[in-house]
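Structural characterization, general
Residue-level listing of the chains:
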Amino acid sequence: MSITTRDYLSVNNPDKFKAKQFTLTVDGGYEASVITYGAVITNLFVPDKDGNVKDIVLGCKGLDEYMDNGANHGAVVGRSANRILNAAFTINGVEYHIPQNEGKNNLHSGNPGYHNVFWDAEVLSEEEADEIILDSRIAGIPGCDGGAVLLSYVSPDGATGFPGNLDTKVLYCWLEDKTFLILYCGKTDKDTIFAPTNHAYFNLRGENSGTVNNDLIMINSDKITIKDDMNVPTGELLDVDGTVFDCREYRFISELNDSQDHQMVISKGIDQNFCLNTTAGTFSFAAAVTSPESGITMECLTDLPGIQIYAGNNLGSPLDQKTDRAYEPYDAICLEAQMVPNAVNLPQFDSPVIAAGKKVYHACGYRFV
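No experiment lies behind these values; they were computed from the predicted model shown.

Quick notes on the packing of aromatic side chains
Scanning the model with the defined rule gives 15 aromatic pairs in all. When the centroid spacing of 6.4 Å and the interplanar angle of 85° are considered together, the rings of Tyr114 and Tyr153 count as edge-to-face. Residue Tyr114 is located in the loop between strand E10 (106-107) and strand E11 (120-125), and its partner Tyr153 is located in strand E12 (residues 144-155); the two are separated by 39 residues in the primary sequence. On the accessibility criterion, Tyr153 (14% relative accessible area) is buried. One aromatic cluster in this structure is built from Tyr30, Tyr172, Trp174, Phe180 and Phe368.

Quick look at the structure:
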């Protein structure tokens, strides 16, 4: 296993905007690169059934494009991922207001958020990474394979309206079983929301290979959260049995995107939170995607209670992608392990609020089998 580092600079303003890129490589053709801007995963190379190595993560040409991109390619988003109704919530009797950046609601916290700031970084040994994994007390995470990158950022009290100085760390490493791990840690000096996710867009045939509609998806979930016409969960649940949302066995992604179910229509395809059959404190199977063409299967594991499945329904922008082919809707699938969206306003779900002084961990891993 090796970790290499290089400067990752703005072309337009290299003296002002400077990031680092870390590339983690393990045996068998598995390689991941992350940068200190937005804690972004810029590349994820894995071998296909013929042994050809493919980059399966969509992304941008360089730092300038990542800084201008609204799709959050590969970024850690937060403090609070996804949507909060009316951009408001109450903690300990105090009402907080955050930016209304998607109609009257809040999406992914705002600016500055995890996804649009520069993080500090350090390279860790295998032993140091394993100590953090053990400290998380999340059962079932295998050991680190060789070393890790630890990114750190302190979101200041009052940032986009959130309370508390929130010290956040994100550990990236390959595990012994070919899982690429994302381990989040948050600690605050005032009760606040800590509900991050990673917004990587995956295409298991290669990042510039077109639609994922012919790939298959499985989700370890019996229920979805019903959303209103602005994509915010209302608190109601729907049993997936007998519906297009029943992905407990593999089904084609096209069946979701082509469905005329109102939940699909309002988001132009699948963009839904599934309530997972995971166990708190345990690294559990959440979902899997497989490509018959490439032979690559990717499993998502997490301790979190929800996963947002999103098929890049709104992709399509100027040519700022890695290659000269513009991305189009349904060119990717996102498996965003997270707290249930809007859970801060829905007491029937696990709360995203963490207490002052308490260190909280969450994990998401992408395993290749």
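Some details on the layout of surface pockets
Estimates place the volume of the largest pocket at around 650 Å³. Contributing to the lining of the largest pocket are 31 residues, with Gly70, Ala71, Asn72, His108 and Tyr201 lying nearest its centre. Counting only elements with at least two residues in the lining of the largest pocket, the list comes to helix H1 (63-68) and strand E24 (306-310). Tallied by class, residues from the lining of the largest pocket come to 11 nonpolar, 17 polar and 3 charged. One number sums up the size of the second largest pocket: a volume of about 380 Å³. Surrounding the second largest pocket, 22 residues form its lining, Ala280, Asp303, Val360, Tyr361 and His362 being those nearest its centre. Elements represented by at least two residues in the lining of the second largest pocket include exactly strand E26 (353-354) and strand E27 (360-368). The element that contributes the greatest number of residues to the lining of the second largest pocket is E27, accounting for 3 residues. A breakdown of the residues in the lining of the second largest pocket according to their chemical character gives 11 nonpolar, 6 polar and 5 charged.

Some details on the pattern of salt bridges
One side chain can pair with another of opposite charge once the charged atoms of both are near each other. Enumeration according to the criterion identifies 17 salt bridges in this entry. Here Lys223 ties to Asp239 by a salt bridge, and the two come within 3.7 Å at their closest N and O atoms. With Lys223 in strand E18 (residues 221-227) and Asp239 in strand E19 (residues 233-239), this pair connects stretches of sequence that are 16 residues apart. For Asp239, a relative accessible area of 38% gives the class partly exposed. Salt bridges sharing partners connect three or more residues here, namely Asp222, Asp241, Asp246 and Arg248.

Re the nonpolar core
Membership of the largest hydrophobic core comes to 74 residues, with the highest contact counts inside it found for Ile56, Tyr172, Phe202, Ile307, Ile333, Leu335 and Phe368. Excluding its chain neighbours within four sequence positions, the residues that come into contact with Phe202 are Leu44, Ile56, Val57, Leu58, Val212, Met298, Asp331, Ala332, Ile333, Leu335 and Tyr366.

Examining the environment of Ala148
Following the sequence through the fold, Ala148 ends up in strand E12. Note on Ala148: relative accessible area 0%, which makes it buried. Not counting residues up to four positions away in its chain, the partners in contact with Ala148 are Ile3, Leu24, Glu122, Val123, Leu124, Ala129, Leu171, Tyr172 and Cys173.

Reading the values: the criteria
- Residues numbered from 1 in each chain as written.
- Predicted model: local features only at pLDDT ≥ 70, side-chain atom pairs only at ≥ 80, totals over all residues.
- Heavy atoms only, no water.
- Phe/Tyr/Trp six-rings, centres within 6.5 Å; stacked < 30°, edge-to-face > 60°.
- Helix = DSSP H or I, 4+ residues; strand = E, 2+ residues; numbered from the N terminus.
- Buried < 20%, exposed > 50% of the residue type's maximum accessible area, 1.4 Å probe, protein only.
- 1 Å grid on protein atoms, 1.4 Å probe; cavity = no way out; pocket = protein on both sides within 12 Å on 5 of 7 lines; lining within 4 Å.
- Points joined across faces, edges and corners; volume = space filled by probe spheres on them.
- Nonpolar A, V, L, I, M, F, W, Y, C, P; charged D, E, K, R; others polar.
- Salt bridge = Lys/Arg side-chain N within 4 Å of Asp/Glu carboxyl O.
- Core = buried A, V, L, I, M, F, W, Y, C linked by side-chain atoms within 4.5 Å.
- Contact = heavy atoms within 4.5 Å.

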